[in-house]
Structures are given as structure tokens and as C-alpha cells.
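Coordinate analysis (summary)
One letter stands for each residue in the lines below.
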Amino acid sequence: MHSRRALLYMPGDNWKMITKSVAIGVDSICMDMEDGTAITKKVEARATIARALRELDFGKSEKLARINSVGSGWEKDDIDAVLPYHPDGIVIPKVESFEHVEWANRIIEAAELKHGWPVNSIRVLIGVETAKGIMNLKEIAAHPRLDGIIFGGEDFAASIGATRTKEATELLYARQAVVVACAANDLQAIDIVTIDYKDIEALRIESEFGARLGYSGKQIIHPAQVEPVQTAFTPNDEAIAHAKRIVETFEASQKEGKGAYSLDGKMIDMPLLKSAQKVLERASAAGK
Ligand code: COA
Ligand code: MG
């Protein structure tokens, strides 16, 4: 699965931002037709994203297109405009049911067959960011076309009538529900946007907290957010070295017939081995 530590949005009608984004080494580039694009620019965004998919070299960055939500009335024209140019994935916002994902799955599969592309070569990421979406998370997250779930903090706060705070305690229940649903279905979990994009220290704190919750990546909206987010979602050298030591010493202790043992004065047993393996998996996914 493509590593998606930092997923950068830009309005789909903004050719300048799109061309800028392909040169900054961001993991995923998400050209938006939804809320980042003005209602008067939806048609232009479709054409601009199609042109970008045709003409630009995205290098190692993943090319994603975010359509408008299912039921908005724009979604079919959005997806039809970009699929012929084979984006790496489609992002569907405000998903509230399994059927929303299945709607896109049917259209994508038909396009894959029509163009002779491998089935499932176009991946799907979804935003779960409304009260209904969180209530139906269990069914939604089980859809086999999915690679990951994006938690939209601002949309979710609006959906439940919460007031956003810097600490984001008002989001915690839903933010954790998304991580759990992702872990249960082997999906990537992509965390909230830090909208105060000039405050890099706040971004760093929020990213590290998201990583501690179990998120594998974060949505971003500005090039200055790429590096801090990639760093926060890549295990550091110290964490990698510690994880390697746990894996090595665990094996030896099993051979001695001990399930639990002591390392640097702390108890190690199976759950700590599993955590260490997750750290190593994420490090290797990030190319470390
Ligand atoms: N992707 C690519 N390039 C971006 C970018 C983005 N999301 N945001 C800013 N840039 C570029 C600008 O074009 C500018 O390029 P230049 O130096 O070549 O002129 C440079 O980065 C610096 O931008 P800056 O002046 O600091 O920001 P801004 O005032 O132009 O824009 C925002 C601020 C928030 C309006 C803008 O970052 C943005 O639109 N972000 C995406 C919003 C979005 O898509 N929201 C929906 C999903 S949540
Ligand atoms: Mg949103």
C-alpha cells in the first residue's frame, strides 16, 4: 500500500498549486472538487484535474482526486471527468453508508474493465466525517475497495454541533472510532487538518498526538506542512532501534521458555512485541 503520511489538498481549479505540489515530495496529492472548490468552479476543476493527470509527472507522489459527496448531484460528473486518466485513487467525502462506497466501486470497476486496467488498480479513500458516518463505520470500513479512512474534524464538529478547540477533545470519540475501524480492517487512518497552517509548532504537536492515537498519516493544506507531518508519522531512529531490540530479545526469551521478561527494567510480553512490529512496518513503509 502506498505510504500516505502527508496528504495534501488543493482546489482542483488551481493549476498553479497543482504544478507546485508535484515538486515537493509529498506522499499524496489530492486535487479537490469538493469543499476546496467554489461552486462556480466545479466544471473548471474537473477539466483542470483531467489535464493534470494527462500532462504532469507526479514523480513518487500519489495522484488522488476528491469528488463531491454521493447525493450532492455533482459526484457522477466529477468521477466521470477524471477516471479516463487513471488517477491512483478516488477520495469520496462525507461517506455515510456502505452503499456510498459501493456506488463508486461499481463505476470504477466498469472503467477498469473498459480500459483494460487491472481491477482494483484505482484505490478508494473515504472521508468519514459526519455523525451518520461514525454510526455506520463498522459496515462502511469493511468495503474491500478501501485503502484508508480520512477523518474530517471540521466537518464532524459541524455535523454534531461541537465547538472546535485547539486541544480537539470534542473530537476524541469519533477520532478514535476511525482508528479502531481502520485497524480492524487493515486500512490506513488519516487524521484531521491543522487549519492554522502558519502555526508549525501547533501542527507538530497535533501530528504527534495523532500518531500516538494510531493514525498513519494526516491531511494537510499547505506546502509548509509537508515536512513536519512526514516527520511525525515516520518512526524516529530511537523508536526503530528500541523496536528492533524488542523483536530480537523476544525471540531469545521465547527460546528460554519465558513469555514475559525484563528489558531495561520494563516488562516485555506479546503486546509489546506487536507494537514493536507495527513501528518497524511503518518505518519500512516510509522507506526507512
Ligand atoms: N498546494 C500546493 N501549493 C500551495 C498550496 C497547496 N495546498 N497552498 C499554497 N500553495 C503555494 C502557493 O501557491 C504559493 O506558491 P508561490 O510561492 O509559488 O506563489 C506558496 O505555496 C505559498 O502560499 P501562501 O501564500 O503561504 O498561501 P496562500 O495564502 O496562497 O494560500 C490557502 C493559503 C490556505 C488558501 C491555501 O494554502 C489553500 O488553498 N490550501 C488548500 C485548501 C483546500 O484545498 N481545502 C480543502 C481541503 S480541506
Ligand atoms: Mg471536509
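Everything below is about the structure shown above.
The notes below deal with the structure included here. From a predicted model like this one, the values you see are computed outputs, not experimental measurements.

What counts as what
Residues numbered from 1 in each chain as written. Chains lettered and ligands numbered in written order. Predicted model: local features only at pLDDT ≥ 70, side-chain atom pairs only at ≥ 80, totals over all residues. Heavy atoms only, no water. Helix = DSSP H or I, 4+ residues; strand = E, 2+ residues; numbered from the N terminus. Rg over C-alpha atoms; globule rule 2.2 N^0.38 Å. Buried < 20%, exposed > 50% of the residue type's maximum accessible area, 1.4 Å probe, protein only. Contact = heavy atoms within 4.5 Å. Areas by Shrake-Rupley, 256 points an atom, 1.4 Å probe, with all protein chains shown as cover. Lys, Arg positive; Asp, Glu negative; His and termini not counted. Charge placed at Lys NZ, Arg CZ, Asp CG, Glu CD. Phe/Tyr/Trp six-rings, centres within 6.5 Å; stacked < 30°, edge-to-face > 60°. Lys NZ or Arg CZ within 6 Å of the ring centre and 35° of its normal. Near = heavy atom within 4 Å. Polar contact = N/O pair within 3.5 Å; in protein donor to acceptor, adjacent residues only side chain to side chain. Expected span 1.5 Å × (residues − 1). Core = buried A, V, L, I, M, F, W, Y, C linked by side-chain atoms within 4.5 Å. Arc of directions from axis to C-beta. Pairing = 2+ DSSP bridges. Right-handed = clockwise from strand over helix to strand, strands pointing away. Disulfide = S-S within 2.5 Å.

Across its full length, the protein chain holds 12 helices and 10 strands. On C-alpha atoms alone, the protein chain measures out to a radius of gyration of 20 Å, which is about the 19 Å that the 2.2 N^0.38 rule sets for 288 residues. If one aligns the C-alpha atoms of the protein chain with their principal axes, the spans along those axes are about 65 × 45 × 40 Å. Looking at the protein chain residue by residue over its 288 residues, the buried ones come to 49%. Put simply, 68% of the contacts in the protein chain that link residues at least 6 apart link residues at least 24 apart. Accessible surface, the protein chain: about 13,800 Å² in total, of which carbon and sulfur atoms supply 55%. Within the protein chain, the 42 negative side-chain charges are centred at a point lying 2 Å from the centre of the 36 positive side-chain charges.

Turning to unusual backbone geometry, a few remarks are in order. Residues apart from glycine generally show negative phi values, whereas peptide bonds are mostly found in trans. Of note, histidine 86 is a non-glycine position whose phi angle comes to about 45 degrees, a positive value. Inspection of the secondary structure puts histidine 86 in the loop between α3 (75–82) and β4 (89–92). In this model, alanine 168 sits at a positive phi of 60 degrees, which is unusual for a non-glycine residue. Among the structural elements, alanine 168 can be located in the loop between α7 (153–160) and α8 (172–184).

Turning next to the packing of aromatic side chains. Any two aromatic rings considered together are summarised by their centre-to-centre distance and by the angle between their planes. The full count for this structure, using the stated rule, is two aromatic pairs. Aromatic pair phenylalanine 151 and phenylalanine 156: ring centres 5.6 Å apart, planes at 55 degrees, arrangement tilted. Comparing phenylalanine 151 with phenylalanine 156 shows no difference in burial state: the two are buried. Over the aromatic face of tryptophan 74 sits the side chain of lysine 42, whose NZ or CZ is 4.8 Å from the ring centroid. The cationic tip of arginine 54 hangs over the ring face of tyrosine 85; the distance from NZ or CZ to the ring centre is 5.2 Å.

Turning our eyes to something else, we now look at the site of ligand 1. Taken together, 14 residues form the shell around ligand 1, and within it Tyr9, Lys16, Lys20, Ile221 and His222 come nearest. A distance of 2.8 Å separates a nitrogen atom of ligand 1 from a polar atom in the backbone of isoleucine 221. Residue histidine 222 places a side-chain N or O atom 2.7 Å away from an oxygen atom belonging to ligand 1. Contributing elements (two or more residues each) for the shell around ligand 1: β1 (6–11) and α1 (15–21).

A few words now on α8. Counted at 1.5 Å a residue, the expected span for α8 with its 13 residues is 18 Å, and the 18 Å between its end C-alpha atoms agrees. Turning to α8, its buried residues are Ala174, Arg175, Ala177, Val178, Val179, Ala181 and Cys182. Close packing links the buried residues of α8 with α5 (131–135), α6 (137–140), β6 (146–151), α7, β7 (188–191) and α9 (200–213).

In this section: the nonpolar core. The biggest cluster of nonpolar side chains holds 61 residues, and the ones touching the most others in it are Met31, Ile79, Ile90, Ile126, Ile134, Ile149 and Phe151. Residues within four places of methionine 31 in sequence aside, it is in contact with Met10, Ile18, Ile49, Ala52, Leu53, Phe58, Lys63, Leu64, Ala65 and Arg66.

With that settled, the discussion passes to α3. Along α3, the residues classified as buried are Glu75, Asp78, Ile79 and Val82. Along the long axis of α3, the arc covered by the buried residues comes to 90 degrees, so they all point the same way. Buried residues belonging to α3 abut α2 (42–55), β3 (62–66), β4 and α4 (98–115).

Before going further, it helps to spend a moment on the pairing of β3. With five of five residues buried, β3 lies mostly within the body of the structure. Burial along β3 is two-sided: Glu62, Leu64 and Arg66 facing one way and Lys63 and Ala65 facing the other are all buried. Two strands pair when backbone bridges link them, and strand β2 (residues 28–32) and β3 are joined in this way by five bridges, in the parallel orientation. Residue isoleucine 29 lies in a different strand from β3, and its bridge partner there is lysine 63. Running through α2, the crossover from β2 to the neighbouring parallel element β3 is right-handed. Sheet topology note: the β3/β4 ladder contains three bridges and is parallel. When the bridges of β4 are listed, leucine 64 appears paired with glycine 89. In this view, the connection linking β3 to its parallel neighbour β4 by way of α3 has right-handed handedness.

Our focus in this paragraph is the side chain of arginine 46. With respect to the secondary-structure elements, arginine 46 resides in helix α2. With relative accessibility at 12%, the residue arginine 46 sits in the buried group. Within the structure, the side chain of arginine 46 is placed 2.7 Å from the side chain of aspartate 78, a separation counted as a polar contact. Those residues in contact with arginine 46, other than ones at most four positions away along the chain, are Met33, Trp74, Asp77, Asp78 and Ala81.

Time to look at the state of the cysteines. Here, the word disulfide means a covalent bond between the sulfur atoms of two cysteines. Under the defined criterion, the tally for this structure stands at zero disulfides. In this structure cysteine 30 is not part of a disulfide, and its nearest cysteine sulfur, from cysteine 182, lies 16 Å away.

Nothing here speaks to function; it is geometry throughout.
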